[in-house]
Structures are given as structure tokens and as C-alpha cells.
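# Structural overview for review
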Amino acid sequence: MQQLSLFDDIEQPSEREEILALRKELEEQNYNYYVLSAPVMSDREFDEKMHRLEELESRHPELFDPKSPTQHVGSDIPSGNGQTAISDGFEQVQHRYPMLSLANTYSEEEIRDWLRRVYKGLEGQTNVEIVCELKFDGLSISLWYERGRLVRAVTRGDGVRGDDVVQNIRTIPTIPQVLPAPTPDTLPPTFEIRGEVLLPWTNFDRINRQREADEEPLFANPRNAASGTLKLLNPETVRERGLDAYLYYVLGENLPGTTHYERLERARNMGFHISDAIRVCHSVEEVMDYIHYWDEQRKTLPVATDGVVLKVNSLAQQEMLGYTAKTPRWAIAFKFAAEKQLTRLNSVSYQVGRTGAVTPVANMEPILLSGTIVKRATLNNEDFIRSLDLHEGDFVWVEKGGEIIPKITAVEPAKRSADARPIAFIRTCPECGAPLVRTEGEAAWRCPNESGCPPQQKGKIEHFVSRKAMNIDGLGAETIDLFYEKGWLRNIADIYDLRREEIAALPGFGDKSAERLMSGLEESKQVPWSRVLFAMGIRFVGETTAKKLAKAYPSIDLLRAASQEELTQVEDVGEEIAKAIVAHLSNAENLSVIERLRAAGLQMETNETQERLSDSLDGKSIVVSGVFRLHSRDEYKTMIEAHGGKNVSSVSAKTSFILAGENMGPAKLEKASKLGVQILSEDEFLAMIEP
Ligand code: IVH
């Protein structure tokens, strides 16, 4: 006993620290998951940490904190916004019934434990029916119907209040907006119904393909895509994405029906999308059969699922069991295990990115995982390789869970040959041979040869021409590769020295491609200073920082003259960013590139008329043609840029519309009507960009 109390004394402070650290970590993960839609921890890891925290907190009641993540559900409302009625353009609404989450289980044993608790809570009642449903992997939504009409659609938010996204929800064809007249087999016209908003796999794939083409970051999984989509402010864009929804929970006062299942049936009779996979079970065996069946069959479903939800069917029994602070006692989730496979590591290769960061990649014996062939997986960095204790020729476990990207989660040491050597991270750049550097506090090794290392050079050029930077058409990654091989491109200034005749003479190019590129280059000379600054590719200077910097320093010369300390006065610019800017702008090679860009005619200072006024023409390619009444042709071109659109000189299938004045050329007119490109008048155009 004495020994134990001694041990307790030692353990006490560290458990307190562990509690505080876990709370912080889990809060951060909640934020990543619900607000940023970009989880960095797997669900399983999250649950394990949550369990550990629950266990520690129950041992230390003196450390109880109502703000602990064990006491509330995750929130998709950015913190600090709690009191405001509008968050990100949506009205915040208090839930009529708190929107809880479910406790997760991973084994048959845990399901049996839950059932035992259910029986105990029901004080010996044995007639317990369990409804098994699929656990859809999307976002929960609460639909409010009043007098037969959909009036609100509220996201979970923090469980107490959420955002009303009804305008976006109205774009989902399977959600009724007006209900049929009530019958004895339906629900009355006022109630609430909850379910999951999802992006079907086919639409998810289509959107990611488009995002890839537009050089936008890909969605990691349909859940993140659905979450990003619901938060869009333009319902038309939401409609194009093609969301769907499954409903699984009816709430309200004095509703007919004594079981959960019956209420779902009634909802189905009214046209609600209720899954066909729902089963009423009477034993653990039946429940396990359901789970095993769907663990296999879920691959054939059009939407993502990540488990099964078990609910006590009788509403009276549900009421008897009640709730904990976060979850109902009458329901539980069973999470499917991520699919995993063992395969052999053939080699490790190293990729050098635009910023010089070196990423190790595992090349493996190909395996089939969740329907796709996997042969490569990122190894992140040197520390990750160490933590796996990865050796040459190792057998590794590869998992593909909710995330689409496969991960190596462990090695199988039993299958390692005795003489296998540990993987040693390279020390020189695989592309240019420069010795790599690793700054203290950073995980990545970097190639410092910024201006001479091919992938860094090409990466900088790709970034420069990308849509959000200079938006230059006709210079994709392959073309950059080819021009690089030819020795025409080494840095971003070389782009403006490209020669039309030389390009036209290349196989597969010709006059038309050359012309397109040349006019793209010409048009890029109108791109405003803030985007030119972003395009330069200074480390850490993203789109938003570039905008803020350009506002504070309206020309390259003023920016160059600023000291590191002055730069940190700009919002969002910390020590590190300021240091990177000063370093970039005092490097002789960079300065010569900047001077060449200036000489080529790029905007190196703010031109008042070029301020971005709105995004109403975002992504649109517009041809301006003819003679105008109200503004000059150049003024219209400036307006197009200012509202996020792009000026293009010739009509093609990609043209969004033509802004046409008097005397538009007959050739353009004919081409437009042949391709079905819309023609807008001056007045129509001005109405379009009106605030
Ligand atoms: S019932 C009080 N049923 O899983 C019970 N939830 O991890 C409310 N989910 O927040 C939930 N499929 O977003 C229920 N068939 C299903 C579900 C389901 C997916 C989601 C829901 C919930 C989360 C809990």
C-alpha cells in the first residue's frame, strides 16, 4: 500500500499535465475537423485519446472543467463568434433539441458492454429491439418543417447552436421542400428531422478532377468536400456540386409512433430519403451479422460510410435510458476498421518540392486497397521514418481509412531479414546534389539551392503562371518541362523572353498555341501588383499575405526599402515571414529577375483602378469586342479584372461569354453562335457586376 501511495505521489503531477495536454490536443483536433474540415488525426486515434482523457478525469475529479472536450461535442463555429447572430454569412440558430454525437466502439466486446448497460438501465426489461443503420460519413443537418414546409436547415455547430444553411440545402433534390398532405401513415406537418448531408463518390471524383485542373487543393474525402460545400455562400455553386442526404432521426412534440423505426417509415412515406439498409435486430448475433455484411458491402454504396449506428428502437425505452452530457445512452456507433494490407517496401525515393522541401516516398509492391491499386505512400519526413523504425525491404502495413490517401501505419518486424539496414535519410539533394539543410524546429530537410535546383526552378514557374497568381494560359506543367529541357526557362523572368516563332516550330505546337501563349503573356501584364507579389513565390507569402503586403507597400521599391522590423507591423506578418521577404529581396539573383519582370511591363505598383472589387466574375474567361457606348473597351477590360474575370482575345469553347458592343466582327459572331457562347450587351454586363 505504501508503495502505491508513493507511486501515486509521483504520478499525480504528470497525470495533471497529461490531462491538460490531452484537452488542448483534442480541442485542436476538434477545430481542425469541424472548422477547417482538415483533420490531422485519425478518428480512431482521436477516440483513443478521448477515452484516455475520460479515464484520467474520472480519477481526478478535482480537475473537472466544464470546458473540457469530454464535456461538449466538437463545433464547426469558429470560436470568438459565439455571440454573433451571423457567422460567415449564415444566420446562427439555437437548436430546439441539442444536437449530440455518438459514443464510438470498435469491437464486438464493446457492443456487448453497451447492451449490458442498456439492459441494466431498463431495469430488467428483456424485450429490447436494436435498430441497425449505416453510419453515413458526411455532416449532420437538422431540417425544420413547419406547416408542411422546410423552413430551416441547421448544421450541428457546437451542438447548441448551428448555422442555418437552408438555401444550400434547398439545392438537394431528395430533400422535400413542401410535404404532401398528412395521412394516417405519415407525420404531421410540423416536426424536425435529422440526417447526414453527403457528397456521392461520383461527384466527389468529378470535383476533385476539376480542382486538379484548376490547381486548387484537392478534398481529402467526400466528408470534407461536403462540409466545404455546405459553407459556400452561393447556392448555385452548391447545386453544381451535387450533394445528397440520408435522414435517420425524427424529433418533435406529440408525434405519432412508439418506435424509432416506425417514425422513419412514416418519414419515408412522405418522400424522405431513408436508407433501405435499416434492420430491426433482436440479438447481438443479428447485430454482428449486420455489421459484417455491411463492412463488406459498403464498397458498393454510392456514398461514404464509416460504421454502423445501433439504436434502441422503443421511444419509451430511449427516454428511460436518457443522455450523458454528450451522447445518448440509447445509441452507439460501431466504426469499421480502416482497410489495411501488408506489403513489401521496395525502395524509398525523394521528391523535391517548389520550396526545396525534400519528401521521402515509399515505393511498395502494388496492393489492392479499398478498390484502388496502391504502390506509393508518403513517408512525410525523417522523423516519421525513424518513428516507424523503417528498414530496407521491410514489410509495411498500409491503411486507407476515411482519408483517400493511403498511409503506412506500422512495420512488421517479424518479417525483417537479420541483415536489413535502417533507412538512412539522404543528406544531399537528389536533383542537384547540394547538401541539404534542416533548420531547428522544422521537420523537413531542404535543398538550399533555390535558383539552381530543377524542381525548385520549375515549381516556381508553375506557381507563377497558376490561376491565382498570373493566370497565364498555355503554360502547363508539361510545357514548362519541355521548355526547361530546351533551356528556354530557368526562372520566372525567362517566360517573357519566350519567342513566338520558336514555340510555333515545336512539334505539337503550331501558330495557334504560340499565339495563345503570347496573348496570355500580354494579358498578364495587367495583373495587379498584389498578385504579382504573390506570384513571385517568396517563402510563406501566400495570397492573403501578399494582398496585405501590397496594401501596406504599394510598390516593389517601397517593399524593398522596408526593414524586417517594419514588415512585422503588417497584419499576419511575423518574424519568420518578414525574414523571408528581406532575404528574398536582398538576393542579387532575385533582384535581377524582378528588374527583368519590371522591364517586361508587369505591374510592380498599385494601380488604383486595378483593385479587386468583387469575385462576381471569378473563373470566367471573357472576350470584349466591338465599340461601346458607356465605357471604353479598355475600361471594360479593367472592370473584368477587377471583378475576378479574365480577358481573353479569341473566342473558344472555353469562353464564358462575349461582351459585345456595336460592330462586333462577323467572324467572332459566327464562331460564338457555332460554339453556343453567350453574347452580353453593355447593360447586361454592368448589371452582372453591380454590387
Ligand atoms: S443518430 C442522438 N444515425 O454520426 C443520435 N447518426 O458520430 C443522433 N451519423 O452526429 C445521431 N449516420 O452526424 C445517427 N444512421 C445514423 C448516422 C448518424 C451518421 C452521424 C451523425 C452523428 C455522428 C455521430
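This structure is a prediction, so every number in the text was calculated from the model and none was measured.

## Quick look at the overall build of the protein chain
If you tally the helices and strands in the protein chain, you get 24 helices and 22 strands. With respect to the principal axes defined by its C-alpha atoms, the protein chain has extents near 85 × 75 × 50 Å. Accessible surface for the protein chain amounts to roughly 35,100 Å². Of this, 51% is attributable to carbon and sulfur atoms. Here the protein chain carries 82 positive and 107 negative side-chain charges, and the mean point of each set is 3 Å from the other.

## A look at helix 24 (residues 682-689)
Listed as buried for helix 24 are Glu682, Phe685 and Ile689. Viewed end-on, helix 24 has its buried residues packed into an arc of 65°, placing them on one side of the element. Buried residues in helix 24 make contact with helix 22 (633-642), strand 21 (657-660) and strand 22 (678-680).

## Quick word on the packing of helix 22 against helix 24
Running from amino to carboxyl end, helix 22 crosses helix 24 at an angle of 30°, the nearest separation of the two axes being 11 Å. Relative to helix 24, the element helix 22 lies roughly parallel. Here the hand of the crossing between helix 22 and helix 24 comes out left-handed. Facing Tyr636, Met639 and Ile640 of helix 22, the residues of helix 24 in contact are Glu682, Phe685, Leu686 and Ile689. Split into classes, the residues belonging to the contact of helix 22 with helix 24 amount to 6 nonpolar, no polar and 1 charged.

## Thoughts on the pattern of salt bridges
Summed over all chains, the structure comprises 45 salt bridges. One salt bridge connects Arg152 with Glu91, and the closest N-O pair in it is separated by 3.6 Å. Remark: Glu91 occurs in strand 2 (residues 90-94) and Arg152 occurs in strand 6 (residues 149-155); sequence separation between them is 61 residues. Between Arg416 and Asp394 there is a salt bridge, with its nearest N and O atoms 2.8 Å apart. Of this pair, Arg416 sits in the loop between strand 17 (407-411) and strand 18 (445-446) while Asp394 is found in the loop between helix 11 (382-388) and strand 16 (395-400), placing the two residues 22 residues apart along the sequence. On the accessibility criterion, Arg416 (22% relative accessible area) is partly exposed. What emerges from the salt-bridge pattern is a single network uniting Glu15, Glu18, Arg52, Glu55 and Arg59.

## Some thoughts on the confidence of the model for the protein chain
In low-pLDDT regions, the fine details of the predicted coordinates are not to be read closely. With 94% of its residues at a pLDDT of at least 70, the protein chain reaches an overall mean of 89. A low-confidence stretch, residues 1-12 (pLDDT under 50), is modelled with 2 contacts involving residues beyond four sequence positions or located in other chains.

## A few points about the pairing of strand 16
By the alternation rule, side chains of strand 16 split into Val396, Val398 and Lys400, which are all buried, and Phe395, Trp397 and Glu399, of which none is buried. Taken together, the 4 bridges between strand 16 and strand 17 define a ladder with antiparallel strand orientation. By the bridge assignment, Glu399 is partnered in strand 17 with Lys407.

## Digging into the site of the ligand
Around the ligand there are 15 residues in total, and Glu133, Leu134, Glu196, Tyr248 and Lys311 lie nearest to it. Leu134 has a polar backbone atom sitting 3.0 Å from a nitrogen atom of the ligand. Here Phe136 contributes a backbone N or O atom positioned 3.0 Å from a nitrogen atom of the ligand. Among the secondary structure elements, those contributing two or more residues to the shell around the ligand are strand 4 (130-136), strand 9 (244-251) and strand 11 (305-312). Per element, the largest residue contribution to the shell around the ligand is 4 residues, and it comes from strand 4. For the shell around the ligand, the per-class residue count stands at 9 nonpolar, 1 polar and 5 charged.

## Some points on the sheet that holds strand 20 (residues 646-647)
In space, the 4 strands of this open sheet follow the order 20-19-21-22, with parallel pairing throughout. This sheet does not close on itself; its edge strands, each paired only once, are strand 20 and strand 22. In this fold helix 24 packs onto strand 21 and strand 22, with an angle of close to 120° to the strand it touches most, strand 21.

## Brief notes about the sheet that holds strand 3 (residues 104-105)
With mixed pairing, 5 strands are arranged side by side in an open sheet as 3-12-11-4-10. Both outer strands of the open sheet, strand 3 and strand 10 (279-281), are each paired with one neighbouring strand and no more. Sheet contacts for helix 8 (residues 260-269): strand 4, strand 10 and strand 11; angle to strand 4, the most-contacted strand, approximately 55°.

## Side note on the nonpolar core
Taken as a class, soluble globular proteins show a tendency for nonpolar side chains to be buried jointly. Ranked by size, the top nonpolar core spans 51 residues in total, and within it Phe464, Ile495 and Leu549 carry the most contacts. A per-element tally of this core places helix 16 (residues 529-535) first, with 5 residues. Filtering out sequence-adjacent residues up to four positions away, Phe464 remains in contact with Ala469, Met470, Asn471, Ile472, Ile492, Ile495, Tyr496, Ala535, Leu597 and Leu602. With 37 residues, the next largest nonpolar core counts Leu187, Val197, Ala225 and Val250 among its residues.

## Here's the deal with helix 15 (residues 510-524)
With 15 residues, helix 15 should cover 21 Å at 1.5 Å per step; its first-to-last C-alpha distance of 22 Å lies within 8% of that length. Taken residue by residue, helix 15 has Ala514, Leu517, Met518, Ser519, Gly520, Leu521, Glu523 and Ser524 as its buried positions.

## Structural notes on the environment of Gln71
In this structure, Gln71 sits in the loop between helix 2 (43-59) and strand 1 (86-87). Once the C-alpha coordinates of Gln71 and Lys326 are considered, the two residues, 255 residues apart in sequence, prove to be 6.4 Å apart. Apart from the residues lying within four places of it in its own chain, the contact partners of Gln71 are Glu57, Phe64, Asp65, Pro66, Ala325 and Lys326.

Reading the values: the criteria
Numbers given to residues run from 1 along each chain, matching the order in which its sequence is written. pLDDT decides what is reported in this predicted model: residues at 70 or higher carry local features, side-chain atom pairs at 80 or more are listed and counted, and totals for whole chains, interfaces and linings draw on all residues regardless. The basis for every side-chain value is the complete set of heavy atoms in the structure, and neither hydrogens nor water enter the calculation. Every helix listed is a DSSP run of H or I at least four residues long, and every strand listed is a run of E at least two residues long, numbered separately from the N terminus. Exposure was quantified through the Shrake-Rupley algorithm and a 1.4 Å probe, taking into account, for residues, occlusion by the shown protein chains and nothing else. By the counting rule applied here, Lys and Arg register as positive and Asp and Glu as negative, while His and the ends of each chain are not counted. A charged residue contributes its charge at one atom only: NZ of Lys, CZ of Arg, CG of Asp or CD of Glu. Partly exposed residues are those whose accessible area sits between 20% and 50% of the maximum for their type, while under 20% is buried and over 50% is exposed, using a 1.4 Å probe and protein chains only. The arc in question is formed by the directions pointing from the helix axis toward the C-beta atoms. Pairs of residues are marked as contacts when any of their non-hydrogen atoms sit within 4.5 Å. All axes are obtained by fitting lines to C-alpha atoms, using only the stretch in contact for helices, and the reported angles, taken between N-to-C directions, cover 0 to 180 degrees. The cut-offs work like this: below 35 degrees is roughly parallel, past 145 is roughly antiparallel, 65 to 115 is roughly perpendicular, and the gaps in between are oblique. The hand of a helix crossing depends on one turn: near helix anticlockwise from the far one by less than a right angle means left-handed, and clockwise means right-handed. Each residue is assigned to one of three groups, with Ala, Val, Leu, Ile, Met, Phe, Trp, Tyr, Cys and Pro labelled nonpolar, Asp, Glu, Lys and Arg labelled charged, and all others, Gly among them, labelled polar. Each reported salt bridge corresponds to a side-chain nitrogen of Lys or Arg within 4 Å of a carboxyl oxygen of Asp or Glu. Each residue gets a pLDDT score, which is the predictor's confidence in that residue and runs from 0 to 100. Here, a strand pair is defined by DSSP locating no fewer than two bridges between the strands. Distances are taken per atom, and a residue is near a molecule or strand as soon as one of its heavy atoms is within 4 Å of it. Here a polar contact means two N or O atoms within 3.5 Å. Within protein one must be a hydrogen donor candidate and the other an acceptor candidate, and residues neighboring in sequence count only if both atoms are side-chain atoms. We call a set of buried residues a nonpolar core when its members are Ala, Val, Leu, Ile, Met, Phe, Trp, Tyr or Cys and they connect through side-chain atoms within 4.5 Å of each other. A helix is expected to reach a length of 1.5 Å times the quantity of its residues less one.

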